[in-house]
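Below are the chains, spelled out letter by letter.
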Amino acid sequence: MSEIEVKKTQESLQDRLAQVVELLQRQKVVEDLTHRQEGAHHDRVENLVHRQNLVELQRKLDDLHSADVAYILEALPLDDRLTLWQLVKADRDGDILLEVSDSVRETLIADMDDHELLAAAKDMDADELADLASELPRDVVHELMETLDQQQRERVRSALSYDEEQVGALMDFEMVTIREDVSLEVVLRYLRRLKELPGHTDKLFVVDYDGVLKGVLPIKRLLVNDPEKQVAEVMASDPVSFHPDEDAYDAAQAFERYDLISAPVVDKNGKLIGRLTIDEMVDLIREESESEVLNMAGLREEEDIFASVWKSLRNRWAWLAINLITAFVASRVIGLFEGSIEKLVALAALMPIVAGIGGNSGNQTITMIVRAMALDQVSTGNTSRLMRKELAVGLINGLVWGGVIGVVAYLLYGSWSLGVVMTAAMTLNLLLAALMGVLIPMTLAKMGRDPAMGASVMITAMTDSGGFFIFLGLATIFLL
């Protein structure tokens, strides 16, 4: 899809959202007006207008893809969201629940009764049920399991037995398997008898009579080779495969590295038990990226933008409390040098520059290190080299930009010694920022925590307190 087509699609979706919001607002206005009216025809008029608005809203929803409906639901306040959710046709509930974010899905499920939840989940595949099961009431999950056949039930249990960060929790069970001792013509005839192929089928999986994976047959090879050839002659016998207990993010990186669309999942005996598909990997990468952004800011979980005030407070208070403590520490550092600031007022104007540039530089370093750790580019063998490189960057940046602000300080206050102190403080604080930018995420990782968790808050605290102490300390020693 070209850039222009993507833009048109996005603009169209934004237009649909605006239209839905306008209809919802119009409905509220009309309801308010009709409630104020009196007369024999009041109820009839209200009912007619109400029905017309709902019919138009439902028509717009029917024209939208499930992912687009999910986008609109996420962009609406809770009351409007639930009003719109009631207009979604029951046979689309399951698809939309799988598309919305976790926090929004929670509000939608809370508005549904058990009968509606069962209807929404009845046509889901085993992997989709496993994704949703943790958020459904226990009795609903139990009743759903009772409606499944033995194979589906085992598949759901298998998917639920793995952590959400493992390959087994994301694998799909819908796939096409063939034998290696048949001709391509036989395979083609077999495919024609199927009603449809599973989504993202770019290859067929070749197994023996015990279900052990022998290789894969890419669809493009099936189509371009002589139909008389045997599968064994054409198949790829060394495909990229995964084990169910592997880290899902490592698998996502492999998908990106090898340009995969689907890949087999095998157990320790090599038996084919499922497959991974590109759509699951894209969702995983997006979720990981969002999680890193939230963690950098100290947010514990994804937050519904229209969540209640209390829920938002609970999500945000922890790191704000830590930030308050670190800010208090920074203020006490300044308090140690009150006498110096009183004697040389210029210090009060210049010290925020040292702290601010240090925080910015530290955040740059942390962002690079967290990204490198996510891509497994950081190991014990290259840590010291990485540290030296970041310290060198901090030193050069400190000398260059510290020199610039030192000249500015000299021009403003007519003191060359103040300019030298400014340059030295800037250099030392950028070295501190580089050091902490490497150590903070690595220390968090060694403790088994997410290396991005609160890293931005911690580096800012370090560079603020350190910057104030370094600058005011040097000024006290050399200027006063």
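Throughout this description, residue numbers start from 1 for each chain and increase along the sequence as written. Given that this is a predicted model, residues contribute local features only at a pLDDT of at least 70 and side-chain atom pairs are listed and counted only at 80 or more, while totals for whole chains, interfaces and linings are drawn from all residues. Side-chain numbers here rest on the full set of heavy atoms in the structure, without hydrogens or water.

**As for the confidence of the model for the protein chain**
When pLDDT is averaged across the protein chain, the result is 85; 90% of the residues are at 70 or more. As a per-residue measure, pLDDT tells how confident the predictor is, with possible values from 0 to 100. A run of DSSP states H or I qualifies as a helix once it reaches four residues; a run of E qualifies as a strand once it reaches two. Both are numbered from the N-terminal end. Per-element mean pLDDT across the protein chain ranges from 68 in helix H1 (residues 3–36) up to 97 in strand S2 (residues 203–207). Segment residues 1–9 is flagged for pLDDT under 50; beyond a separation of four residues in sequence, or across chains, it makes 2 contacts in the model. Contacts are assigned to residue pairs that have any heavy atoms within 4.5 Å of one another.

**Let's talk about the side chain of Asp80**
Mapped onto the elements of the fold, Asp80 is located in helix H4 (residues 78–87). For each residue, the accessible area found with a 1.4 Å probe, counting protein chains only, is set against the maximum for its type, and the residue is called buried under 20%, exposed over 50%, and partly exposed in between. Assessed through its relative accessible area of 12%, Asp80 is described here as buried.

**Concerning empty space enclosed by the protein**
Grid points spaced at 1 Å and placed over the protein atoms alone form the basis of the search, with a cavity being a set where a 1.4 Å probe fits but cannot get out and a pocket an open set showing protein on both sides within 12 Å along at least five of seven lines. Lining residues have an atom within 4 Å of a point. Grid points are joined across faces, edges and corners, and a volume is the space filled by probe spheres set on the points. Within this structure, the stated rule accounts for 1 cavity of 30 Å³ or more. Each pocket or cavity is described by its volume, and for the largest cavity that value is around 70 Å³. Lining the largest cavity, in full, are Leu129, Ala133, Leu136, Val141, Leu144, Met145, Leu148, Val156 and Leu160. When contributions to the lining of the largest cavity are tallied by element, the ones reaching two or more residues are helix H8 (126–133), helix H9 (138–147) and helix H10 (150–160). By residue number, the principal contributor to the lining of the largest cavity is H9, which donates 3 residues. Any residue outside Ala, Val, Leu, Ile, Met, Phe, Trp, Tyr, Cys, Pro, Asp, Glu, Lys and Arg is labelled polar, Gly included; the first ten of those are nonpolar and the last four are charged. Counted by class, the lining of the largest cavity contains 9 nonpolar, no polar and no charged residues.

**What about the pairing of S2?**
Extensive coverage of S2 is indicated by the burial of 5 of its 5 residues. Of the two faces of S2, both are covered, the one formed by Lys203, Phe205 and Val207 as well as the one formed by Leu204 and Val206. By the convention used here, strands pair only if DSSP detects at least 2 bridges between them. Examined bridge by bridge, strand S1 (residues 177–178) and S2 share 2 bridges and lie parallel to one another. Bridge pairing in S2 places Thr177 opposite Phe205. For the handedness criterion, the strands are oriented away from the viewer, and a crossover whose path from the first strand over the helix to the second runs clockwise is classed as right-handed. On the question of chirality, the crossover connecting S1 to the parallel S2 by way of helix H12 (residues 184–193) is right-handed. In terms of strand pairing, S2 meets strand S3 (residues 213–218) through 5 bridges, oriented antiparallel. Bridge pairing in S3 places Lys203 opposite Pro218. Hairpin geometry of S2 and S3 is characterised by an intervening segment of 5 residues between the two adjacent antiparallel strands and by a positive phi of about 85 degrees at Gly211.

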